[in-house]
Each structure stands twice: as structure tokens, then as C-alpha cells.
Amino acid sequence: MTTPKTPAQIGYFMPAEWEPHEATWLGWPQNASDWPGKMNAIRWVYGEMVRKIAPGEKVRMLVDSPAIERRARRVLETARADLGQVEFFRWQTDRGWMRDSGPIFVCRNARSRRQRAIVHFHFNAWARYDNWRHDRKVPERASRQLALPLFEAQCRSRPFVLEGGGIEVNGRGTLITTEECYLDTQTQVRNPGLTREDYETTLCEYLGVRNVLWLGQGIAGDDTHGHVDDLCRFVNPTTAVLIQSRDPHDANYRPLAENRERLQDLRLEDGSKIDVVPLPMPAPLYWRKIQLPASYANFYIANAAVLVPTFNDPADREALGILAELFPDRPVVGIHAVDLVLGFGTLHCLTQQQPACA
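What counts, and at which threshold
- Residues numbered from 1 in each chain as written.
- Predicted model: local features only at pLDDT ≥ 70, side-chain atom pairs only at ≥ 80, totals over all residues.
- Heavy atoms only, no water.
- Pairing = 2+ DSSP bridges.
- Helix = DSSP H or I, 4+ residues; strand = E, 2+ residues; numbered from the N terminus.
- Axes fitted to C-alpha atoms, helices over the stretch in contact; angles between N-to-C directions.
- Contact = heavy atoms within 4.5 Å.
- Salt bridge = Lys/Arg side-chain N within 4 Å of Asp/Glu carboxyl O.
- Buried < 20%, exposed > 50% of the residue type's maximum accessible area, 1.4 Å probe, protein only.
- Expected span 1.5 Å × (residues − 1).
- Arc of directions from axis to C-beta.

Chemist: Help me understand the sheet that holds strand β14 (residues 275-280) in this model?
Modeler: Paired through backbone hydrogen bonds, the strands of a sheet run either parallel or antiparallel to each other. Strands sit in the order β12-β13-β14 across an open sheet of three strands; the sheet is mixed. At either end of the open sheet lies a strand with only one pairing partner, and these are β12 (232-236) and β14. Across the sheet, the mean angle separating the axes of adjacent strands is 35° when strand polarity is ignored. As defined by bridge partners, β12 adjoins strand β13 (residues 239-244) across four bridges and the pair is classed as antiparallel. Paired with Phe-234 across the bridge in β13 is Ala-240. Helix α8 (residues 253-265) contacts β12, β13 and β14 of the sheet and is inclined by roughly 160° relative to β13. Helix α9 (residues 315-326) rests against β12, β13 and β14 of the sheet, and its axis sits at about 155° to β14.

Dropping the structure here:
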């Protein structure tokens, strides 16, 4: 049931990730080209993720077929995840990166309870890959499954393309994104011809924000061309962590330093400064000659835990310690992601939160 008005016009906004969830959406790993030679290891990573998420919320898992559902159940049972908290939806997917292709939820407070809706941002595989047509249908299917209104994001009377990993909100009116991802006019152009002002207007209309902040480049190796969820994340309404490199020879060193300078000058929706907490980078990881986007910023905030990718690196412990201080209300748990990052994404890229009604 598509609604003709924009979410902001009727009071909808995108909540922050740390606010209570009803569920986390995941797509069971099915595309072997994402993790060449590593699919068995990746399934066990999913088992561990579900084991940590399920104590606090439902897990809504997309599977292509009854056979894949049976395999997923065996892995989750062996991992001792709570299968009673897992709902399987037999919807065909192409890649299954739910942060980008899954339903993006907005909420409004009405009649003494929170109402929810879904925004359809017309996923096109980051304007890079050809296999996206099944993934694009996921928000519409979720709208029907959950009986929630569906907003079709548009700008200049055409579909507006956006991925969840390309935006970060504090739930109070501020959104952070990157120029590399959405304003580059040559590489992976999601919305040809749109200006910075077009993006800002559309983000405000469909996500209910009032304040759009732009960082510069993302990290090396990111095949999304600059997603912010490998770079900078809000941990509360006024505090953001920002990845920093200590190695002047690292390809990330200068772009990350420039983002730090830029973020210090930006302001929140109320005009106040952002409290910026640096997060370290692990040492560069490579597959053959390709640098992989290994980043501690790609953590996921679930109800029962904060899941943080780890890389067998000395900086793992430091990153976990910093995030543990920033999330005193829930445990911070490391999830081994050396194999996972072969797919050019880790925990946040795989997950999408569904806010609770209350």
C-alpha cells in the first residue's frame, strides 16, 4: 500500500540504530561469488551473529528455497542460536546485503504509540553490479508481509536510489553521508543529474531529517564507493566515532584526516558541536592485490549486544574497549570478520534493524 505523501509531511523519521528493535533482517549467504572459497566459514559467522542477536529481538531471515532454509536451520541449531526467535521468509535474493537492499524503516509517534512505515529506495547494486532485480523487491515484499505503508522515494519525478550503508542518523534530525558516494558524477552514479541540494531535500523528505552533513571520501577497498558505515557512526545523539589511520603510508591516512577536520567544523541539528571519538584502523588486509574495507566502524547495534568486526589485529582490543565505554548499556562482542570482509562488507552491511512499536 503505497502512500502519495512523503514521510516527513506526515511526521515520519528514521530512528537511531540504538533505539529498541522488534527485529533484525538478514539474508542467508547464497551468492558464492561474494566469498570465493569461504562459504562454509561465512555460514558459521551468520550462526554466531544470530546467536548474539536473538536473545534481544526477532531475526527475520531471507532464504531462496526450502532447501536453503533447512541448511540455515542446521547451521543455526549447531551454533546454538535460538531458532524460536528466527522467522524465515522464502524470498529470492541476488546478494542479500540487507543494509542496502532491505527495508529501511521510518516511524512516527501517533495515538500514544509508534507507527512504522517502509521507504523504498530502489536498490540498483550500488550502480556497479548487474544482479539486483530480486534484491530491489525486498522492501515491497516486507511492506506486504508486515502490512506497513510503503513510500516510493522520488526526486524530480523519478525513482531515487539510496543504500542504508550510505547514511547514518542520530535519530534527532541529523544525517551524515559522503560526497564520494553520492556526489561523484563519474563513478557508480546512483542518481544521474541530481545536485547536492536535490539529495539534501530528498533525504529530508523521506527520512525526516533536518540537517544533512557531508564528509569527503570513504575508505580504500570499499566497492560501494564511499559508504559512511565504514567511516563514521553515531553512538548517541551527540557523539560519533570516526575511523582514523596512524600510518602515514596507508592509503586511508590523508582522507581520514581530512574527514576529521571536516567533522570538527560541522554542527548538529541544534547547532552544537559533535563529540568526535577516534576509532583505530586495523592493519590493511588484502585479497590477492585488492585492499579490503576492514573497519571497526562497521559494527551493528542490536538490542542485546553491539557486534563489532574483528580482524586478528592488535587494534581489535583497543576498538572493542573504546566501543565498550561508549555503550555501557549492552555488551560489546567481537565477531571474527577476516573471511567476511572478502565480500567487501561486514556486520553492519549484512543487517537491517526494524524499530519496535513501543
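Chemist: Would you mind showing me how to read the pattern of salt bridges here?
Modeler: Two side chains of opposite charge can pair, provided their charged atoms sit close to one another. The full count for this structure, using the stated rule, is 21 salt bridges. Taking the shortest distance from any N to any O, the salt bridge between Glu-179 and Arg-196 comes out at 3.0 Å. A residue pair is termed long-range when its members are at least 10 positions apart, and Glu-179 in helix α6 (residues 179-182) and Arg-196 in helix α7 (residues 196-207) qualify at 17 residues. Between Arg-262 and Glu-179 there is a salt bridge, with its nearest N and O atoms 3.0 Å apart. Here Arg-262 is found in helix α8, whereas its partner Glu-179 is found in helix α6, with 83 residues between them in sequence. Classification of Glu-179 by relative accessible area gives partly exposed; the value is 23%.

Chemist: Is there a simple way to explain α8 in this structure?
Modeler: The terminal C-alpha atoms of α8 lie 19 Å apart, and with 13 residues this matches the ideal 18 Å at 1.5 Å per residue to within 8%. Taken residue by residue, α8 has Pro-255, Leu-256, Asn-259 and Leu-263 as its buried positions. Down the axis of α8, the buried side of the element spans an arc of 95°, and every buried residue falls inside it. Among the exposed residues of α8, those pointing more than 90 degrees away from its buried face are Arg-254, Glu-261 and Asp-265. In this structure, the buried side of α8 is in contact with β10 (174-178), β11 (211-215), β12, β13 and β14.

Chemist: Would you explain the pairing of β14 in this entry?
Modeler: In summary, the side chains of a regular strand alternate between the two faces of the sheet. Across six bridges, β13 lies against β14 in parallel orientation. Looking at the pairing, Leu-242 lines up with Pro-278 of β14.

Chemist: How should the sheet that holds strand β1 (residues 21-27) be read in this particular structure?
Modeler: Pairing is mixed across the open sheet formed by four strands, whose spatial order is β3-β2-β1-β20. The outermost strands of the open sheet, each flanked by one partner alone, are β3 (86-90) and β20 (352-355). Taken pair by pair, the neighbouring strands of this sheet meet at an average axis angle of 25°, ignoring direction. Here β1 runs beside strand β2 (residues 58-63); their pairing, made up of five bridges, is parallel. Looking at β2, one finds that Thr-24 is bridged to Val-59. Running at roughly 175° to β1, helix α1 (residues 39-53) makes contact with β1, β2 and β3 of the sheet.

Chemist: What's the story with the environment of Leu-231 in this structure? I'm lost.
Modeler: Within the secondary structure, Leu-231 is located in the loop between β11 and β12. In the structure, Leu-231 is positioned 22 residues away from Tyr-253 in sequence and 12 Å away in space, judged by C-alpha atoms. Those residues in contact with Leu-231 that lie beyond four places of it in its chain are Thr-178, Leu-215, Gln-217, Gly-218, Val-241, Leu-242, Ile-243, Leu-256, Asn-259 and Ala-297.

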